[in-house]
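Residue-level listing of the chains:
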Amino acid sequence: MTIATKRKKSPCSGWSLLFAWTTLALSLWQPVQAETSRVASSRSVNEWLTRMHEGPRQRAYTGTLVVSAGTSLSASRIWHVCDGVQQMERVDTLTGTPRTTIRHNSDVITFVPESKTAWVDRRDSLGVFPELLRTPDNAISELYSAREKGTERVAGHLADVVEILPRDTLRFGYRIWAEKKTGLVVKLQTLSERGDVLEQSVFSELQWDETVRIDQLKRHMRNTKGYEVHRLVLKKTTPEAEGWGLKEKVHGFQAMSCHTRTDAAVEAGPATLQWVFSDGLASVSLFVEPFDARKHGAEQAAVTGATHSLTRRIGNHWLTALGEVPPATLSRFAAALERTR
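The structure displayed is predicted, hence computed values, not measured ones. (Residues numbered from 1 in each chain as written. Predicted model: local features only at pLDDT ≥ 70, side-chain atom pairs only at ≥ 80, totals over all residues. Heavy atoms only, no water.)

1. Let's talk about the overall build of the protein
Reasoning step 1: Tallying secondary structure elements over the protein gives five helices and 21 strands in all.
Reasoning step 2: Residue burial in the protein is summarised as follows: out of 341 residues, 52% are buried.
Reasoning step 3: Considering only contacts within the protein whose residues lie at least 6 apart along the sequence, 58% involve residues at least 24 apart.
Reasoning step 4: If you sum the accessible surface of the protein, you get close to 15,900 Å²; carbon and sulfur atoms cover 48% of it. (Helix = DSSP H or I, 4+ residues; strand = E, 2+ residues; numbered from the N terminus. Buried < 20%, exposed > 50% of the residue type's maximum accessible area, 1.4 Å probe, protein only. Contact = heavy atoms within 4.5 Å. Areas by Shrake-Rupley, 256 points an atom, 1.4 Å probe, with all protein chains shown as cover.)

2. Structural notes on unusual backbone geometry
Reasoning step 1: Unlike most non-glycine residues, K116 shows phi in positive territory, near 55°.
Reasoning step 2: Tracing the chain through its elements places K116 in the loop between β6 (107-112) and β7 (117-122).
Reasoning step 3: Judged by its relative accessible area of 42%, K116 is partly exposed.
Reasoning step 4: The phi dihedral of A155 falls on the positive side, at around 55°, and the residue is not glycine.
Reasoning step 5: Assessed through its relative accessible area of 17%, A155 is described here as buried.

3. Quick word on the pattern of salt bridges
Reasoning step 1: One pass over the full model with this rule turns up 16 salt bridges.
Reasoning step 2: Its salt-bridge partner being D160, residue K180 comes within 2.6 Å of it at the nearest N-O pair. Of this pair, K180 sits in the loop between β10 (173-179) and β11 (185-191) while D160 sits in strand β9 (residues 157-166), and the two are 20 residues apart along the sequence.
Reasoning step 3: The class for D160 is buried, based on a relative accessible area of 9%.
Reasoning step 4: Salt-bridge contacts for R294 lead to D292; the nearest nitrogen and oxygen are separated by 3.1 Å.
Reasoning step 5: Classification of R294 by relative accessible area gives exposed; the value is 78%.
Reasoning step 6: Given the relative accessible area of 17%, D292 is considered buried.
Reasoning step 7: Here the salt bridges share partners, and the residues they tie into one network are R147, E163 and R175. (Salt bridge = Lys/Arg side-chain N within 4 Å of Asp/Glu carboxyl O.)

4. Some thoughts on helix α3 (residues 214-222)
Reasoning step 1: Those residues of α3 that sit buried are I214, L217 and M221. Each buried residue of α3 lies within a common arc of 65° when the element is viewed along its axis, so the set occupies one face.
Reasoning step 2: In this structure, the buried side of α3 is in contact with β3 (72-82), β4 (87-93), β5 (100-104) and β6. (Arc of directions from axis to C-beta.)

5. Section: the packing of aromatic side chains
Given two aromatic rings, their pairing is described by the distance between the two centres and the angle made by the two planes.
Reasoning step 1: The tally for this structure, following the rule as stated, stands at seven aromatic pairs.
Reasoning step 2: With a centroid separation of 4.9 Å and 50° between ring planes, the pair formed by F277 and F333 is classed as tilted. Taken together, the residues F277 in strand β16 (residues 272-278) and F333 in helix α5 (residues 327-336) connect sequence positions 56 residues apart.
Reasoning step 3: Given the relative accessible area of 3%, F277 is considered buried.
Reasoning step 4: Where F291 meets W318, the ring centres are 5.9 Å apart and the plane angle is 45°; that geometry is what we call tilted. Pair noted here: F291 is in the loop between β17 (283-290) and β18 (301-304) and W318 is in strand β20 (residues 317-323), with a separation of 27 residues, a long-range link.
Reasoning step 5: For F291, a relative accessible area of 25% translates into the label partly exposed.
Reasoning step 6: Residue W318 is classed as buried on the basis of its relative accessible area, which comes to 6%.
Reasoning step 7: Grouping aromatic residues by their ring pairs yields a cluster made of F253, W275, F277 and F333.
Reasoning step 8: A cation over a ring is seen here: R43 above W48, with NZ or CZ 4.6 Å from the ring centre.
Reasoning step 9: Its end group placed over the ring of F291, R313 keeps NZ or CZ at 3.9 Å from the ring centre. (Phe/Tyr/Trp six-rings, centres within 6.5 Å; stacked < 30°, edge-to-face > 60°. Lys NZ or Arg CZ within 6 Å of the ring centre and 35° of its normal.)

6. With respect to the environment of T64
Reasoning step 1: Relative to the helices and strands, T64 resides in strand β2 (residues 61-69).
Reasoning step 2: Take T64: its relative accessible area is 13%, and that puts it in the buried class.
Reasoning step 3: For T64, the contacting residues outside a window of four places in its chain are S76, R77, L94, V202, F203, S204 and E205.
Reasoning step 4: At 3.0 Å, the side chain of T64 forms a polar contact with the side chain of R77. (Polar contact = N/O pair within 3.5 Å; in protein donor to acceptor, adjacent residues only side chain to side chain.)

7. Quick word on α5
Spacing of three or four residues puts side chains on the same side of an α-helix, whose turn is 3.6 residues.
Reasoning step 1: Of the positions making up α5, those classed as buried are T329, L330, F333, A334 and A336.
Reasoning step 2: For α5, the secondary structure elements touched by its buried residues are β14 (244-246), β16, β17, β19 (307-314), β20 and β21 (337-339).

8. Overview of the confidence of the model for the protein
Predicted coordinates in areas of low pLDDT are best not read in detail.
Reasoning step 1: Of all residues in the protein, 82% attain a pLDDT of 70 or more, and the chain-wide mean is 84.
Reasoning step 2: Contacts for the low-pLDDT stretch residues 1-40, under 50 throughout, to residues beyond four places or in other chains number 125 contacts. (pLDDT = per-residue confidence, 0-100.)

9. Quick notes on the pairing of β10
Reasoning step 1: Across the seven residues that make up β10, a large majority, seven, are buried.
Reasoning step 2: In β10, alternate side chains face the same way, and those of G173, R175, W177 and E179 on one face and Y174, I176 and A178 on the other are all buried.
Reasoning step 3: The pairing of β9 with β10 spans six bridges and is classified as antiparallel. In the strand pairing of β10, V161 is matched with W177. (Pairing = 2+ DSSP bridges.)

See the structure below:
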């Protein structure tokens, strides 16, 4: 589901669990199991998640990531480098429309060679679970529990297998393979309430300490010659200032950010409001824009893998709710959203 607020669609919008993983899809490759016996949890859910969040900061790596989401299937090549303070990453799509996305900490640019366009964006929160560190520790353990499932090999690397299971039906569960030495997530499954796999991301091959330099990626990031550059302008605001509120909270989800989004290359027009909520793992974005009968059709719901969306007309405005949560959770947000002025 896209937000039709610009003449051209930005490939940088709509991030989910992983910066790179939102542009990828399925492989039939299977890991070799080393040990699958269930063991008692030696770490709390917060300790496991913090370890996974810090994994990318430990070592440089390159790899091929494949992701399945519903019937969608794609793959990408990733180069990741860090120096303890800075993190840089390049992601080249191997399927679908060719794209190269480079990020330096929270600065992101996506090059689309076929259209000779580049999209510049900024993301304050990155990682497997972007809002983890901004969520109170006790909130996570009240909403999720951890269960260790032994060890398995993924892409030739031994990994701890951990299930992060929800305590209610408002969120999905996760089965995660974290590389044993660093905690880097090498495989991730999003699970339905019945335990079915809704979406899967996995490295099919992974190499440590490849010779990728930050200065090289920075030069490539700045080289926009021959590209039409679109800069997505984010302006921090509050829902109250924009005239919106929730009649009631959705259990476990906290407001993380609120801003308006415009494309600096497009003539002045109404901005789209994006209000982001998270429980520390799952995120929901509410996009609100003025209703336009020419581009907004019937209200509908859609799903791709674990990502659900729905659209609603609210007076003279159009809502798109998007998130990796059950559809009932999005419905609660949509029902609670109200105009306050």
